[in-house]
Amino acid sequence: MANVTVIGAQWGDEGKGKLVDWLSNRADVVVRFQGGHNAGHTLVVGEQVYKLSLLPSGVVQGKLSVIGNGVVVDPWHLLSEIEKIGGQGIEIGPDLLVLADNACLILPLHRDLDQAREAAALNKIGTTGRGIGPAYEDKVGRRAIRVGDLADREALEVKIDRLLAHHTPLRRGLGLPEYDGEALLSELEALAPRILPFAKPAWLLVNEIVKSGKRVLFEGAQGALLDVDHGTYPYVTSSNTVAGQAAAGSGLGPRGAGFVLGIVKAYTTRVGEGPFPTELFDEVGQHLGTVGKEFGTVTGRSRRCGWFDAALVRQSVALNGITGIALTKLDILDGLPSLKICTGYRLGDQVFTYLPAGLKAQRSLEPIYEEMEGWAETTHGARSFRDLPANAVKYVRRIEELIGAQVALLSTSPQRDDTILMRDPFQD
Ligand code: GDP
Ligand code: IMO
Ligand code: MG
């Protein structure tokens, strides 16, 4: 297959950034297709650590990178991320980065609304507070300002009026100060000359690249269980995170997704609120969090940790049409005497092999576990499948069986090259 689509198969932070960076030297272009700077992707190359939120992870290997129409873009954040990564020796100009001219903008009023709602809510979602949800609401509500509008003062004036007609009463209701439309207009005009050089019809570029026989690597953000349709609603993000979104969020048709590589952590984590059937509140959970350095890249919050949930990932395999998986952070399980894998759930006298959609049910599920022996040896930094202890191999094989998908890549440390290739997604 010519193209590869990388998506998170759990609740995000599975290691997508590391894998996209590793795979990007086999691709010609890397394309983000949803989400925004709520994502936090950490890449480790030797002594250098790169933290990316909005920039596609292909930039580190100097690959042409595209922020597609499905992404919501905070232009101030984009410029600061370009500057930050520039300070690490990666110069990003319009030759390297393309921003879809039809992508919608995240404005300061979106961030205000996100944070004010979270502060006021009794049932908090635990968002990243970066304005993602309100920006998508305005997109669907047909009142968003898009990248291309920055070139058209008249359009901006009309759109700002329309936007404020919606936001002013909302802001009043939340006790936020009145928003100054004139000030927003001048801020956007000041920003325009720095953003517009990157703005292009990205859909056209991506289609031409594919037509010329080149290879696209799609980079998903978040994870399938945070998908606005398929996730643990309402404790989700505001975009479709499943692989199908690669088509709509980039302007390449559905045949373009190619090999769908689900990134799967060898245990489960979640940051923010919401149901999590295999969550651990004991010392094993703490151990996973400490050894796995499970702190959010964007907000610094501790991630909740739990056992591997095969029922959840099996569902994700179906929802995304996963061709194969990349299993990450196996090394974090080193030294645990025994491991549990969730194979389904019990709710009263009912048994579920999938996560039922209702919030009440999701909160009350009791995981059904099978137990396996752990391994005392280290897998950290292993570069060959043959080097893995027998029980680690058994664990991997059992996961494959239960989720109905095979491991194509295995990651054994944060470092780019500590990655075992078992089946090349670009050659499949
Ligand atoms: P993403 O959002 O899916 O890109 O994942 P994050 O970057 O937010 O979180 C994954 C974290 O685990 C990062 O700090 C990575 O450097 C790290 N990581 C990725 N793969 C491995 C692995 O196989 N082993 C270990 N120990 N760390 C890993
Ligand atoms: P990456 O790409 C993990 C979570 C937030 C919150 C919910 C909604 O690094 O895997 P939002 O700000 O999107 O409205 O928050 O989604 N969330 C993530 N959790 N990884 C992410 O991205 C996430 N992006 C959003 O914590 O629960
Ligand atoms: Mg992350």
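None of these values were measured; they are calculated from a predicted model.

Here the focus is the site of ligand 2. Taken together, 20 residues are adjacent to ligand 2, and Asp-13, Lys-16, His-41, Thr-128 and Thr-237 come closest. One of the side-chain nitrogen or oxygen atoms of Asn-38 is found 2.9 Å away from an oxygen atom of ligand 2. Separating an oxygen atom of ligand 2 from a side-chain N or O atom of Thr-237 is a distance of 2.6 Å. Starting from 550 Å² of accessible surface for ligand 2 in isolation, the protein chains cover 98%. By residue class, the composition of the shell around ligand 2 is seven nonpolar, ten polar and three charged.

For the magnesium ion (ligand 3), the full set of protein donor atoms is Asp-13 (OD) and Gly-40 (O), and the range of their distances to it is 2.0 to 2.1 Å. Highlighted residues: Asp-13 in the loop between strand 1 (4-8) and helix 1 (16-23) and Gly-40 in the loop between strand 2 (29-32) and strand 3 (41-45), separated in sequence by 27 residues. Exposure remark for Asp-13: the relative accessible area of 21% places this residue in the partly exposed category. Residue Gly-40 is classed as buried on the basis of its relative accessible area of 14%.

By size, the foremost hydrophobic cluster in this structure holds 92 residues, and its most contacted members are Leu-78, Leu-188, Leu-327, Leu-330 and Tyr-395. Apart from the residues within four sequence positions on either side, Leu-330 is in contact with Ala-266, Trp-375, Thr-379, Leu-388, Ala-392, Tyr-395, Val-396, Leu-410 and Ser-411. Core analysis: the next-biggest nonpolar cluster, separate from the first, contains 16 residues, Val-20, Val-30, Ile-263 and Ala-326 among them.

So, about the domain arrangement of the protein chain. Here the protein chain is partitioned into domain 1 (4-100 + 200-257), domain 2 (104-195) and domain 3 (264-427). Taken together, the contact between domain 1 and domain 2 spans 25 residues of the former and 21 residues of the latter. Across the domain 1 to domain 2 interface the summed buried area is about 1,900 Å²; carbon plus sulfur atoms make up 67%. Sorting the residues of domain 1 by area buried against domain 2 places Val-72, Trp-76 and Leu-79 first, and these three jointly supply 33% of that buried surface. Summed over the shared surface of domain 1 and domain 2, the number is zero salt bridges. When contributions to the side of domain 1 that touches domain 2 are tallied by element, the ones reaching two or more residues are strand 6 (72-73), helix 2 (75-86) and strand 7 (97-100). Ranked by residues supplied to the side of domain 1 that touches domain 2, first place goes to helix 2 with five residues.

Let us now look at the site of ligand 1. The environment of ligand 1 is formed by 19 residues, the closest being Lys-16, Gly-17, Gly-40, Asp-331 and Ser-411. In this structure, Ser-411 approaches ligand 1 through a side-chain N or O atom, which is 2.5 Å from an oxygen atom. Between ligand 1 and Thr-412, the relevant distance is 3.4 Å, taken from an oxygen atom to a main-chain nitrogen or oxygen of the residue. At the level of elements, helix 1 and strand 3 are the ones that each hand at least two residues to the shell around ligand 1.

Before going further, it helps to spend a moment on the packing of aromatic side chains. Enumeration over the complete set of coordinates arrives at four aromatic pairs. Each ring, one from Trp-11 and one from Phe-276, has its centre 5.2 Å from the other, and the planes form 55°; the classification is tilted. Of this pair, Trp-11 sits in the loop between strand 1 and helix 1 while Phe-276 sits in the loop between strand 12 (268-270) and helix 9 (283-291), placing them 265 residues apart in sequence. Accessibility classification places Trp-11 together with Phe-276 in one group, the buried group. A ring pair is formed by Phe-352 and Tyr-354, whose centres lie 5.6 Å apart and whose planes are at 90°; its orientation type is edge-to-face.

Cut-offs used in this document
Residues numbered from 1 in each chain as written. Chains lettered and ligands numbered in written order. Predicted model: local features only at pLDDT ≥ 70, side-chain atom pairs only at ≥ 80, totals over all residues. Heavy atoms only, no water. Near = heavy atom within 4 Å. Polar contact = N/O pair within 3.5 Å; in protein donor to acceptor, adjacent residues only side chain to side chain. Areas by Shrake-Rupley, 256 points an atom, 1.4 Å probe, with all protein chains shown as cover. Nonpolar A, V, L, I, M, F, W, Y, C, P; charged D, E, K, R; others polar. Donors = N, O, S within 2.8 Å, 3.2 Å for Na, K, Ca; no water. Helix = DSSP H or I, 4+ residues; strand = E, 2+ residues; numbered from the N terminus. Buried < 20%, exposed > 50% of the residue type's maximum accessible area, 1.4 Å probe, protein only. Core = buried A, V, L, I, M, F, W, Y, C linked by side-chain atoms within 4.5 Å. Contact = heavy atoms within 4.5 Å. Domains from an automatic or database assignment. Buried area = accessible area lost by both parts, 1.4 Å probe. Salt bridge = Lys/Arg side-chain N within 4 Å of Asp/Glu carboxyl O. Phe/Tyr/Trp six-rings, centres within 6.5 Å; stacked < 30°, edge-to-face > 60°.

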